[in-house]
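# Results of the structural survey
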Amino acid sequence: MLANLSLVGCYNRSAVSPPQRRLQLLLESAKQNLRNMAYFGLVEHQLASQFLFERTFNVNFTRRFVQHHNTHASQVEISPQMRRRVEEQNSLDLQLYRYAESLFFARLNYVCASNYVSDLPQCVNSSVIRVPKWSNSSSNVSRIPE
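Residues numbered from 1 in each chain as written. Predicted model: local features only at pLDDT ≥ 70, side-chain atom pairs only at ≥ 80, totals over all residues. Heavy atoms only, no water.

It is worth spelling out the nonpolar core at this point. Within the largest apolar cluster, 17 residues are counted, with the highest numbers of intra-cluster contacts made by L34, F40, F104 and L108. Elements with a contribution of two residues or more to this core: α1 (19–36), α2 (46–57) and α4 (91–113). Top contributing element to this core by residue count: α4, with nine residues. (Core = buried A, V, L, I, M, F, W, Y, C linked by side-chain atoms within 4.5 Å. Buried < 20%, exposed > 50% of the residue type's maximum accessible area, 1.4 Å probe, protein only. Helix = DSSP H or I, 4+ residues; strand = E, 2+ residues; numbered from the N terminus.)

This part is about the packing of aromatic side chains. Ring pairs (aromatic) are described by centroid distance and by the angle formed between their planes. Enumeration over the complete set of coordinates arrives at seven aromatic pairs. Judged by centre distance (5.0 Å) and plane angle (85°), the rings of Y39 and F53 are edge-to-face. Of the two residues, Y39 is situated in the loop between α1 and α2 and F53 in helix α2; the sequence distance between them amounts to 14 residues. The class for Y39 is partly exposed, based on a relative accessible area of 21%. Members of the aromatic cluster, connected to one another through ring pairs, are Y39, F53, F57, F61 and F65. (Phe/Tyr/Trp six-rings, centres within 6.5 Å; stacked < 30°, edge-to-face > 60°.)

Let's shift gears to a nonpolar patch on the surface. On the surface, a nonpolar cluster with roughly 350 Å² of combined accessible area is contributed by V76, I78, M82 and V86. Mapping V76 onto the fold places it in the loop between α2 and α3 (80–89). What makes V76 exposed here is its relative accessible area of 55%. (Patch = residues over 30% accessible without salt bridge, like charges linked within 9 Å, V, L, I, M, F, W, Y side chains within 5 Å. Areas by Shrake-Rupley, 256 points an atom, 1.4 Å probe, with all protein chains shown as cover. Salt bridge = Lys/Arg side-chain N within 4 Å of Asp/Glu carboxyl O.)

Packing of α1 against α4 leaves a shortest axis separation of 10 Å and a crossing angle of 20°. Put simply, α1 runs roughly parallel to α4. The hand of the α1/α4 crossing is right-handed. Judged by residue contacts, L23, L27, A30, K31, L34 and R35 of α1 engage L92, Q95, L96, Y99, A100, L103 and R107 from α4. Partitioning the contact of α1 with α4 into residue classes produces nine nonpolar, one polar and three charged. (Axes fitted to C-alpha atoms, helices over the stretch in contact; angles between N-to-C directions. Parallel < 35°, antiparallel > 145°, perpendicular 65-115°, else oblique. Left-handed = near helix turned anticlockwise from the far one by under 90°. Contact = heavy atoms within 4.5 Å. Nonpolar A, V, L, I, M, F, W, Y, C, P; charged D, E, K, R; others polar.)

Here it is as structure tokens:
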């Protein structure tokens, strides 16, 4: 868990009311903890994650990560109604993931705009450094999200 549970009385669900306020505090805490991490990667962007790790910690892997696009989950089909229900039940997780994706690409763009540009491997090109597909604007990538 990324959130600081002490902000909401640990597992005492009645410590902060209303429940939506408690959930919002947990989400903001998770975002802050993610911002404070020196590094995190995204499994669906293995090569970009590797590049960012190498530049963050000044190390080089001996082999490039392999990007797999086919998973067991990608082979499961669900109805639009079921998809909406899953998204509703996991709305905070989706918000955190979207934030993490935005933060990841902002960090990647920062590294690429710095003096490491000449190190940018062919596997991490301008098609990877982009606005997340869920976003409506490019503002998510131009700055580190707050």
